[in-house]
Amino acid sequence: MRVLWLKSELLHPVDRGGRIRTYQMLRQLARRHEVTYLCLDDARDRASDAVALAAEYAHEVVTVPFAPPPKGGAAMYADLARSVVTSGEPYAIWKYRSDGFRTAFDRLAASGRFDVCVCDFLVPAVNLPARLPLPMVLFQHNVEAEIWRRHFETSTGPKRWLYRGQWARMQAFEREVCRRMDHVVAVSEADREHFARVYGVEGPTAVATGVDTDAFRPSGGVPRIPGRLVFTGQMNWMPNEDGMQWFAAEIWPRIRAAVPGATLDVVGRDPTPAIRRLAERGDGITVTGRVPQVQPYLERASAAVVPLRVGGGTRLKIYEALAMECPLVSTAVGAEGLPVEDGRHCRLADDPAAFADACIALLREPAAAEAMGRRAATWVRERFSWAAVTEGFTATCERVAASRGSSPGVLAGAAR
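If you're wondering where the values come from, they're calculated on a predicted model, not measured in any experiment.

**Q** For the overall build of the protein chain, give the residues involved together with the corresponding values.
**A** Broken down by element type, the protein chain carries 15 helices and 13 strands. If you line up the protein chain on its principal axes, its C-alpha atoms span 65 × 45 × 45 Å. Within the protein chain, the fraction of its 416 residues that count as buried is 56%. For the protein chain, the share of sequence-separated contacts (at least 6 apart) that also reach a separation of at least 24 residues comes to 73%. Roughly 16800 Å² of accessible area belongs to the protein chain as shown, and the carbon and sulfur atoms make up 50% of that amount. With 53 positive and 48 negative side-chain charges, the protein chain shows a spacing of 2 Å between the two charge centroids.

What follows is the structure, encoded as structure tokens:
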């Protein structure tokens with residue numbers, strides 16, 4: 001099978017959820033199939049050798065230079081205002097419009113070389129022609145509109161109304177794109193059901209979240225530190241920032257009152273100023289920024305926390321922590337889409353008092369926490385390797401390539 005894969009970025013460094021899932025699945029796919037990888041390339045947001053390292057997951061790489069305004073700056077807000085006035089698209093999609101990407105796609109599609117095209121995330125669809133010339137699979141790592149809905153519901157002040165407008169725009173764009181593709185692949189049964197019920201997508205399928213079961217395994221030589229909690233994630237992603245601010249304000253003081261020596265490592269790249277300020281409070285919180293590997297932090301922590309209130313898709317960070325035998329506490333949103341069982345694989349709690357109590361119990365009962373960690377690790381290793389996950393995704397792509405026939409799909413709103 002010859003696959004054209006569309007993406008908004010190169011994948012190195014492989015340090016955030018979307019990149020990890022794509023990288024691991026592409027590596028498996030490229031072992032048996034020919035992959036051409038077409039992407040936008042923001043040289044400021046990738047490793048200097050990311051193009052060369054793309055040989056790990058693709059046989060051919062085609063990049064299109066791309067330089068969006070820096071996040072949070074005046075230029076970005078001017079761009080946001082321009083998108084609101086001139087386009088009906090959500091800004092998170094509109095900002096990726098690229099004539100260069102559209103030209104490159106048209107050229108590759110016209111070559112007749114490909115059996116199927118995978119649009120990875122919703123973003124590349126903004127640069128596709130109205131009439132799709134290839135069998136097309138949309139790989140949806142989230143229900144994007146749900147992220148904006150939850151931002152609206154958990155926010156206050158002027159941002160709340162901005163989020164409401166972006167939610168409406170994202171929902172309209174996402175529904176239209178999903179319904180025009182030949183097939184939609186979700187990353188959880190919950191997302192799959194949403195695409196079918198809310199968007200009217202016919203026959204969407206789901207692939208499980210995976211984990212690198214070789215890389216995420218305790219070394220056996222690092223003891224867990226009593227009272228140490230850890231959170232891992234990209235710290236300029238709004239759901240992670242919101243979750244940690246909520247945790248620090250509403251949950252952490254309860255934990256510290258019950259376990260006075262408790263400490264928290266917030267581990268992940270690009271912490272925002274608000275996240276960095278958490279380390280200045282003097283109450284046991286450390287903000288690391290980018291680290292070479294998260295495994296040492298997971299191995300020495302007594303428990304991991306995933307206090308997310310916003311988001312969609314599935315959390316790679318949960319399977320990574322479980323594979324490291326690290327006991328874990330999550331909100332229902334944080335574990336959404338994963339078949340974890342409360343009390344068996346992790347602890348689930350949503351209000352601040354219940355979340356704090358679950359953390360305190362794990363810190364005070366290390367033997368029980370350790371047993372839960374070992375049980376969850378065995379479960380993850382047996383069922384969720386990337387090889388097993390990719391096998392089903394590959395079969396879906398083969399089926400779409402074989403069944404499309406000669407009637408190209410139409411992507412409404414994409415023609416320019």
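Next, the rest of the story.
**Q** Let's hear about the packing of helix H6 (residues 144–154) against helix H7 (residues 158–180): which residues, and what values?
**A** Here H6 crosses H7 at 165°, and the two axes come no closer than 8 Å. On the basis of their axis angle, the class for H6 and H7 is roughly antiparallel. Relative to H7, the crossing made by H6 is left-handed. Across the interface between the two elements, Glu144, Ala145, Trp148, Arg149, His151, Phe152 and Glu153 from H6 touch Arg160, Trp161, Tyr163, Arg164, Gln166, Trp167, Met170, Gln171 and Glu174 from H7.

**Q** Can you explain the packing of aromatic side chains? Please cite residues and give values.
**A** Counted by the stated rule, this structure contains 17 aromatic pairs. Centroid distance Tyr37 to Tyr57: 5.1 Å. Interplanar angle 70°. Geometry classified as edge-to-face. A residue pair is termed long-range when its members are at least 10 positions apart, and Tyr37 in strand E2 (residues 34–41) and Tyr57 in the loop between helix H2 (50–53) and strand E3 (60–65) qualify at 20 residues. In this pair, the class of Tyr37 matches that of Tyr57, namely buried. One aromatic cluster is present, formed by Trp246, Phe247, Trp252 and Phe355 through successive ring pairs. Sitting over the face of the ring of Phe152, Arg160 holds its NZ or CZ atom 4.1 Å from the ring centroid.

**Q** Give a detailed account of the sheet that holds strand E8 (residues 228–232), specifying residues and quantitative values.
**A** With parallel pairing, the six strands of this open sheet are ordered in space as E10-E9-E8-E11-E12-E13. Each end of this open sheet is capped by a strand with a single partner; those strands are strand E10 (285–289) and strand E13 (347–348). Here helix H13 (residues 352–364) sits on the sheet in contact with E8, strand E11 (303–306), strand E12 (328–330) and E13, set at roughly 180° to E12.

The rules behind each value
- Residues numbered from 1 in each chain as written.
- Predicted model: local features only at pLDDT ≥ 70, side-chain atom pairs only at ≥ 80, totals over all residues.
- Heavy atoms only, no water.
- Helix = DSSP H or I, 4+ residues; strand = E, 2+ residues; numbered from the N terminus.
- Buried < 20%, exposed > 50% of the residue type's maximum accessible area, 1.4 Å probe, protein only.
- Contact = heavy atoms within 4.5 Å.
- Areas by Shrake-Rupley, 256 points an atom, 1.4 Å probe, with all protein chains shown as cover.
- Lys, Arg positive; Asp, Glu negative; His and termini not counted.
- Charge placed at Lys NZ, Arg CZ, Asp CG, Glu CD.
- Axes fitted to C-alpha atoms, helices over the stretch in contact; angles between N-to-C directions.
- Parallel < 35°, antiparallel > 145°, perpendicular 65-115°, else oblique.
- Left-handed = near helix turned anticlockwise from the far one by under 90°.
- Phe/Tyr/Trp six-rings, centres within 6.5 Å; stacked < 30°, edge-to-face > 60°.
- Lys NZ or Arg CZ within 6 Å of the ring centre and 35° of its normal.
- Pairing = 2+ DSSP bridges.

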